[in-house]
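# Examining the three-dimensional arrangement
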Amino acid sequence: MTPAPALQSYIGGRPVPSTSGETFDDIDPATGAVICRVEQAGAAEVDAAVAAAQAGFALWSARTGAERGRILNRAALLLRARNREIAEIEVRDTGKPIQEALAVDVLSGADCIEYYAGLAASLHGEHYQLKGAFAYTRREPLGVCVGIGAWNYPVQIACWKSAPALACGNAMIFKPAELTPRSAAVLAQIYAEAGVPAGVFNVVQGDARTGQLLVRHPGVAKVSLTGEVGTGKRVMADAAGTLKHVTMELGGKSPLVIFADADLDNAVAAAMMGNFYTQGEVCTNGTRVFVHESIHDAFLERLVARTRGMKIGDPLDPETQVGALISPEHMQRVLGYIERGKRAARLVCGGTRVTDGDLARGCFVEPTIFADCTDDIELVREEIFGPVMAVLKFSGEDEVIRRANATPFGLAAGVFTRDLARAHRVVAQLQAGICWINNYNITPVEIPFGGAKQSGLGRENGLVTIEHYTQLKSVYVEMGDVACPY
Ligand code: NDP
C-alpha cells in the first residue's frame, strides 16, 4: 500500500516541506496504527512562518472589522459543513468517542468563530474631553500571535485561539500538539477557502522544540498556550526574553462539592460528566468530588452503578462512551496513578486496562472511582488527566471550602445544592477561574474561560478576550497653542 503523503506545515497559504529532515508519526491510540507521517518544522520553517504572518498581518489589519467578520462567518459555515469529516479526524488522532466529537469539538469551534466574527465590527476605542484638548484611544491588534495547543480538544483549541486573534486583525501561527496534528491543517484550508488572506493563519507542525522556537522568536508579539502547568512556566520564561503578551490555559485538580440537599441524580450525572467525558482528559474536570457525609453512601452507590454501565469501545462506534487514552505512555502514567491509588484509598469501580478483543491494540482504561480518599494522597493532589475520580467526605461548609482551595491549581469548581444563598456564598470563596452551580463543565463561548492560581493567566472566550488580542494606543489632540515656558 502506498503510504499517505507526509503532513507538512502550512505557511503563507500553502503546504511547505520541512528542511529539518525529521519526521514523526501520527498514531491512532485506539489501534496503534500509523495514520500519517508528519514533517517536523525547524528554525527555517519557523522563520518563514513569522515572515509570512508579518506579511499577512499587514494585509489583514488594514481590512475593516466588518470585512474580517464577513470572512470569519464564512469560515464558521464551512467548518460546520465539515463537522463529520473533522470529527473523524479528531477521533482517530485523540481516541475520543465520535458521539462527543460530533456534538462538541467542531461545533464549539464554529460557535467561537461566529461569536468573534460578530464582534469584529464593533472593536473601538474611547474618547476623552480634556481642557483645550481631547484624546482618544485606538484598539489595535498586536501583530503576529502564536497559538500552541494541547492534544485533548485539537480543533476547538485552534478555534478558541485563532478566532479572537483574527477578528481583532492579528495574524496567527498555530502549533498543534505533536500527537494531534491534522485538524489544524484542515482549519487552515477552511480559513483560506473563506477568504482569509495567505499568511494570516499558518500551521507549524512539530514538538516542544518547534514551540520553543516560536515562543522565543523576536517577530512574535503574543503567545497563547494550552498545556500543563510546567509547560506554562517554561513558555512564560521564554516569552519574557522579548516581553511578549501571554495567555496560559493550564492544568487543574478541580473540586466538585456536593452538599446534603443536592439533587442526587443530577450530582451523580455531573460527577460522571466531570470525570469521564473524553476519558477524563479534560482540564476542568472535577476530579476531587467532595460529598457531604450524610449522603455519601447513597451518592457512591448510585455513582458506581451508573459508571459500571458506561460503554467502553471503538471510538468510531456511535454507541461508545469511553474511548482510548491519547498514547501508550499516557496510559501507563494513568495506570501508575491507579496502582498507587489502590494502596492509599478504596477502589470501588474500574481500575484496570481494557484488553477485550481488538481493544487490546489500544489505550483503553476503565472509568475508575476511589472512595475514602484523604487530602494528602497523590491521586487527590496531582492532575492525572485520565478517567480517575477521587471521592472525599466532608461535614461542614467552611471545612470543605478550605479543603477545596488547598491546591496550587485554580481552574474550575462546582457546587451542588438547592440552597441558593449557600451556592453563591461558597462560589464566592472558591479559588477558581470558572465555577458551576448545579452543573459541571459547561463552557459556552459567551463566558470567559480560564484559570486562577497556577491554572492560568488571561482568559479565552467572552468579550474580555478582545483585550488579550489587542493593545490600546492613546492619542492626545491639542486644540490650542503649545504652552511653552521658554
Ligand atoms: P503539554 O504542556 O505537554 O503540551 C502543550 C503544548 O505545548 C504542546 O503543543 C507541546 O508540544 C507544547 N510544548 C511543550 N513544551 C513546550 C515548550 N517548552 N515551548 C513551547 N511549546 C511547548 O500539554 P499536553 O498536550 O500534554 O496537554 C495536557 C495538559 O493541557 C493538561 O495539563 C491539561 O490540563 C492542559 N489543558 C488545559 C486546558 C485549559 O484550557 N486550561 C485545556 C486543555 C488541556 P508537543 O507537541 O511536543 O506536545
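Residues numbered from 1 in each chain as written. Predicted model: local features only at pLDDT ≥ 70, side-chain atom pairs only at ≥ 80, totals over all residues. Heavy atoms only, no water.

## Details of the overall build of the protein
Secondary structure summary: the protein contains 15 helices and 20 strands in total. Here the C-alpha radius of gyration of the protein, 24 Å, is about what a compact globule of 486 residues would show, namely 23 Å. Overall size of the protein, expressed as C-alpha extent along the three principal axes, is 80 × 65 × 40 Å. Looking at the protein as a whole, 56% of its 486 residues are labelled buried. At a minimum sequence separation of 6, the contacts of the protein that also span at least 24 residues come to 73%. In the form shown here, the protein has an accessible surface area of approximately 19,600 Å², with 54% of it arising from carbon and sulfur atoms. In the protein, 46 positive and 54 negative side-chain charges are present, and the distance between their average locations comes to 3 Å. (Helix = DSSP H or I, 4+ residues; strand = E, 2+ residues; numbered from the N terminus. Rg over C-alpha atoms; globule rule 2.2 N^0.38 Å. Buried < 20%, exposed > 50% of the residue type's maximum accessible area, 1.4 Å probe, protein only. Contact = heavy atoms within 4.5 Å. Areas by Shrake-Rupley, 256 points an atom, 1.4 Å probe, with all protein chains shown as cover. Lys, Arg positive; Asp, Glu negative; His and termini not counted. Charge placed at Lys NZ, Arg CZ, Asp CG, Glu CD.)

## Regarding the sheet that holds strand β15 (residues 368-371)
Taken in spatial order, the 7 strands of this open sheet run β14-β15-β16-β13-β12-β17-β18, and their pairing is mixed. Strand pairing shows two members of the sheet lacking a second neighbour, β14 (346-349) and β18 (434-437), which therefore form its edges. Taken over all neighbouring pairs, the strand axes of this sheet differ in orientation by 20 degrees on average, direction set aside. Here β15 runs beside strand β16 (residues 388-394); their pairing, made up of 3 bridges, is parallel. Looking at β16, one finds that Phe370 is bridged to Ala390. Sheet contacts for helix α9 (residues 264-276): β12 (255-258), β13 (288-292), β15, β16 and β17 (412-416); angle to β16, the most-contacted strand, approximately 140 degrees. In the packing of helix α11 (residues 328-344) onto the sheet, contacts are made with β14, β15 and β16, and the angle to β15 comes to roughly 30 degrees. (Pairing = 2+ DSSP bridges. Axes fitted to C-alpha atoms, helices over the stretch in contact; angles between N-to-C directions.)

## Remarks on unusual backbone geometry
Within the chain, Lys453 stands out as a residue other than glycine whose phi angle is a positive 45 degrees. Here Lys453 shows up in the loop between β18 and β19 (456-457). When its relative accessible area of 36% is taken as the criterion, Lys453 is described as partly exposed.

## A closer look at the site of the ligand
Surveying the vicinity of the ligand reveals 28 residues, the closest of which are Gly149, Glu178, Thr231, Leu250 and Glu383. Within the side chain of Trp151, a nitrogen or oxygen atom sits 2.8 Å from an oxygen atom of the ligand. Contact with the protein chains covers 90% of the free accessible surface of the ligand, which is 900 Å². For the shell around the ligand, the secondary structure elements donating two or more residues are α7 (208-216), β10 (222-226) and α8 (229-240). Among the elements that take part in the shell around the ligand, α7 stands out by supplying 3 residues, more than any other. Of the residues belonging to the shell around the ligand, the class tally is 13 nonpolar, 9 polar and 6 charged. (Near = heavy atom within 4 Å. Polar contact = N/O pair within 3.5 Å; in protein donor to acceptor, adjacent residues only side chain to side chain. Nonpolar A, V, L, I, M, F, W, Y, C, P; charged D, E, K, R; others polar.)

## Brief notes about the pattern of salt bridges
In a structure, side chains of opposite charge can pair up when their charged atoms sit close to one another. Taken as a whole, this structure holds 26 salt bridges when the rule is applied. For the salt bridge of Arg80 with Asp111, the shortest nitrogen-to-oxygen distance reads 2.7 Å. Residue Arg80 is found in helix α2 (residues 65-81), and its partner Asp111 is found in helix α4 (residues 98-120); the two are separated by 31 residues along the sequence. For Asp111, a relative accessible area of 36% gives the class partly exposed. Residue Asp263 is joined to Arg418 by a salt bridge in which the shortest nitrogen-to-oxygen separation is 3.8 Å. (Salt bridge = Lys/Arg side-chain N within 4 Å of Asp/Glu carboxyl O.)

## Considerations on the environment of Thr19
Structurally, the position occupied by Thr19 is in the loop between β2 (14-16) and β3 (23-27). For Thr19, a relative accessible area of 61% translates into the label exposed. Expressed as a C-alpha distance, the spacing of Thr19 and Phe201, which sit 182 residues apart in the sequence, is 21 Å. When residues no more than four places from it in sequence are discounted, the contact partners of Thr19 are Ala44 and Glu45. Separated by 2.8 Å, the side chains of Thr19 and Glu45 make a polar contact.

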